[in-house]
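What the coordinates show
What follows is the residue order along each chain.
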Amino acid sequence: MNWGSSLDPTGIKKMKNQELVLEDYLNTKDLLTSYSHDEIGDDHLYTGVKTPMRADAFDISDEEKKESIAKLFEQIMEVMGLDLKDDSLKGTPTRVAKMYIEEIFSGLNPANKPKVALFENKYQYNQMLVEKDITFYSNCEHHFVPIIGKAHVAYISSGKVIGLSKLNRIVQYYAKRPQVQERLTNQIALELQSILDTEDVAVIIDAKHLCVSSRGIKDDTSATVTSFYGGKFQIPEKVQELYNYINN
Ligand SMILES: [Zn+2]
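So, here is what we can say about the structure in this document.

Parameters at a glance
- Residues numbered from 1 in each chain as written.
- Predicted model: local features only at pLDDT ≥ 70, side-chain atom pairs only at ≥ 80, totals over all residues.
- Helix = DSSP H or I, 4+ residues; strand = E, 2+ residues; numbered from the N terminus.
- Buried ≥ 20, exposed ≤ 12 C-beta atoms within 10 Å, placed from the backbone.
- Contact = placed C-beta atoms within 7 Å.
- Pairing = 2+ DSSP bridges.
- Axes fitted to C-alpha atoms, helices over the stretch in contact; angles between N-to-C directions.
- Expected span 1.5 Å × (residues − 1).
- Core = buried A, V, L, I, M, F, W, Y, C linked by C-beta atoms within 7 Å.
- Parallel < 35°, antiparallel > 145°, perpendicular 65-115°, else oblique.
- Left-handed = near helix turned anticlockwise from the far one by under 90°.

1. Section: the overall build of the protein
Scanning the protein from N- to C-terminus turns up 10 helices and 7 strands. The buried share of the protein, taken over its 248 residues, is 28%. Here the analysis covers contacts within the protein between residues at least 6 apart in sequence; of these, 69% occur between residues at least 24 apart.

2. Some details on the sheet that holds strand β6 (residues 201-209)
If you walk across this open sheet you meet the 5 strands as β5-β2-β3-β6-β7, and the pairing is mixed. The two strands at the open ends of the sheet, each matched to only one other strand, are β5 (178-179) and β7 (224-229). Bridge count for β6 against β7 is 6 bridges, and the pairing is antiparallel. Counterpart to I205 in the pairing with β7 is T226. Helix α10 (residues 236-247) contacts β2 (128-140), β3 (146-156), β6 and β7 of the sheet and is inclined by roughly 70° relative to β2.

3. Considerations on the environment of Y100
Residue position: Y100 is located in helix α6 (residues 92-104). Y100 gets classed as buried once you count the C-beta atoms within 10 Å, which come to 20. Along the sequence, Y100 and K176 sit 76 residues apart, while their C-alpha atoms lie 9.2 Å from each other. Here Y100 is in contact with I69 and F105, once residues within four sequence places are set aside.

4. Concerning α6
An ideal rise of 1.5 Å per residue puts 18 Å on 13 residues; α6 reaches only 15 Å between its terminal C-alpha atoms. Of the residues making up α6, those classed as buried are P93, A97 and Y100. On its buried face, α6 sits against α4 (62-79).

5. Re the nonpolar core
Membership of the largest hydrophobic core comes to 31 residues, with the highest contact counts inside it found for A151, V153, V171, I188, L192, A202 and V203. Within the residue set of this core, elements represented by two or more residues are β2, β3, α7 (164-175), α8 (181-196), β6 and β7. Dropping the residues within four chain positions of it, A202 is found in contact with A154, F228, Y229, G230, F233 and L242.

6. Considerations on the packing of α4 against α6
For the pair α4 and α6, the least separation of the axes is 8 Å and the interaxial angle reads 135°. When the interaxial angle is binned, α4 and α6 end up oblique. By crossing handedness, the relation of α4 to α6 is classed as right-handed. Between α4, through D62, K65, K66, I69, A70, F73, E74 and M77, and α6, the contact on the second element is made entirely by T92, P93, T94, V96, A97, K98, Y100 and I101.

7. Digging into α7
Three or four residues apart is the spacing at which side chains of an α-helix point the same way, because the helix has 3.6 residues per turn. Across its 12 residues, α7 extends 17 Å between first and last C-alpha, which sits within 8% of the 16 Å expected from 1.5 Å per residue. The complete set of buried residues in α7 reads L167, I170, V171, Q172, Y173, Y174 and A175. Among the structural elements, β2, β3, β4 (160-162), β5 and α8 are those in contact with the buried residues of α7.

As structure tokens, this is what we get:
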């Protein structure tokens, strides 16, 4: 699919549920200025491949963040009229804060990035390696509700190989952020290209967004597929080979 320079604001809306390639998202940022914030959220548009974070994001410690989040979440619950003296609700603000920082958004902190060791393996030179059906849980950055899906990750070895569990860990690291599926796809792919020192990386993500199925248009059956095909994965035969592995 080539959106190329003909990409226009109407074209961006069509991106949902369709494949997106690298040059496309680089073109999207300026075009988003013609959208209201509500439209950006409900259409799940996004502004770039980097997770938008402030420069001072890590000036305070995780402990301080958990304390602040707990206080603020308590306020949200208060405003909604919930009785925080109730034994069932009492611990919720602290639990949510801990879950945000230590689990579901732990991938915002570069300190939690998986350490990756590469192995030389001349026998696997030029071979396609595919790790399929990597289950992940992420959260939509527009609604803060879950995105649940599977990632298929592939690369063509330049002589270096990476442990399969590390491919899984890289997927999990980027999933544990407030995300947009296209960005998640691209972040995983660019990370692998950089680690493996090759362009020949493909990432396909098939996911369900709870903000689409449990609220908004309440479409319970649709899934969103996004993909990144780098280097040799732009050759149709390679894509076919990849699909054979995935569908096998
Ligand atoms: Zn959403």
